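Fold and contact review
Each chain, written out:
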Amino acid sequence: MAGDPMRRWGFAVVRGSSMLPTLHPGDRLLVRHGAVPREGAVVVCRLPDRAGPVVAVKRVVRREPGGWWVQADHQEAGVVDSWRVGAIPDTDLVAVVLARVWPRPRPFR
């Protein structure tokens, strides 16, 4: 049985401190590509940056006409998020985080 290639499972690794205290550098995450997030969900997304697009883990705050407003949980980390670049288009939403699988497994809701 062939599955929908846009709804596949994957893993992501947290880099940096922008999602503290929720996530820590090195945390391994189970993600679902092609899933639609709800407000409050943690996602993997592409963010524009001066050096080129950055793939980052952020929290969805709300849906806007231009896409998704995403933010870091730890704003003092000096990160790129929607406060700097605006709403993220649907095409730049890579995956929705379902659970942390390492080092302390726990589901996200």
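Use the structure listed above.
Residues numbered from 1 in each chain as written. Predicted model: local features only at pLDDT ≥ 70, side-chain atom pairs only at ≥ 80, totals over all residues. Heavy atoms only, no water.

1. Thoughts on the layout of surface pockets
The gaps of empty space that remain are located by a probe, the size of a water molecule, rolled over the atoms. Convention followed: Of the grid points, spaced at 1 Å and generated over the protein atoms alone, those admitting a 1.4 Å probe that cannot get out make up cavities, while open sets with protein on both sides within 12 Å along at least five of seven lines make up pockets; any residue with an atom within 4 Å of a point is treated as lining. Grid points are joined across faces, edges and corners, and a volume is the space filled by probe spheres set on the points. Numbering of helices and strands starts at the N terminus; helices are DSSP runs of H or I of at least 4 residues and strands are runs of E of at least 2. Amino acids outside the nonpolar list (Ala, Val, Leu, Ile, Met, Phe, Trp, Tyr, Cys, Pro) and the charged list (Asp, Glu, Lys, Arg) are all regarded as polar, and Gly is one of them.
Taken as a whole, the largest pocket encloses approximately 260 Å³ of empty space. Every residue lining the largest pocket is counted, 17 residues in all, and those nearest its centre are Arg15, Val54, Val55, Ala56 and Val57. For the lining of the largest pocket, the secondary structure elements donating two or more residues are strand S1 (9-13), strand S3 (42-47) and strand S4 (54-64). For the lining of the largest pocket, the leading source of residues is S4, giving 5 residues. When its residues are assigned to classes, the lining of the largest pocket shows 12 nonpolar, 3 polar and 2 charged.

2. Side note on the pairing of strand S6 (residues 93-102)
What counts, and what does not: Buried means the residue's accessible area, taken with a 1.4 Å probe over protein chains only, is under 20% of the maximum for its type, while exposed means over 50%, and partly exposed covers the values in between. Paired strands are those between which DSSP finds at least two bridges.
Most of S6 sits out of view: 7 of its 10 residues are buried. In terms of strand pairing, strand S2 (residues 28-33) meets S6 through 6 bridges, oriented antiparallel. In the strand pairing of S6, Val31 is matched with Val97. Here 3 bridges tie S3 to S6, and the two strands are oriented antiparallel to one another. The residue bridging Val44 from the neighbouring strand is Ala95, located in S6. Hairpin connection between S6 and strand S7 (residues 106-107): a loop of 3 residues separates the two successive antiparallel strands.

3. Structural notes on the side chain of Asp27
As a reminder, the rule being used: Counted as a polar contact is a pair of N or O atoms within 3.5 Å, where, for protein atoms, one must be capable of donating a hydrogen and the other of accepting one, and residues adjacent in sequence contribute only when both atoms are in side chains. When checking whether two residues touch, look at their non-hydrogen atoms; a contact exists if any pair is within 4.5 Å.
The residue Asp27 is located in the loop between S1 and S2 in this model. Looking at Asp27, its side chain comes within polar contact range of the side chain of Arg100, at 3.4 Å. Once residues within four sequence positions are removed from consideration, Asp27 is found in contact with Ala12, Val13, Val14, Arg100, Trp102, Pro103 and Arg104.

4. Overview of the pattern of salt bridges
Rules: For this document, the term salt bridge refers to a Lys or Arg side-chain nitrogen within 4 Å of an Asp or Glu carboxyl oxygen.
Summed over all chains, the structure comprises 5 salt bridges. For Asp92, the salt bridge identified is with Arg46, shortest N-O distance 3.3 Å. With Asp92 in the loop between helix H1 (82-85) and S6 and Arg46 in strand S3, this pair connects stretches of sequence that are 46 residues apart. For Arg62, the salt bridge identified is with Glu64, shortest N-O distance 2.7 Å. Assessed through its relative accessible area of 22%, Glu64 is described here as partly exposed.

5. Observations concerning unusual backbone geometry
Leu20 connects to Pro21 through a cis peptide bond whose omega is 0°. With respect to the helices, strands and loops of the structure, Pro21 is situated in the loop between S1 and S2. Between Trp102 and Pro103 the backbone carries a cis peptide bond, its omega angle lying at 5°. Mapped onto the fold, Pro103 is located in the loop between S6 and S7.

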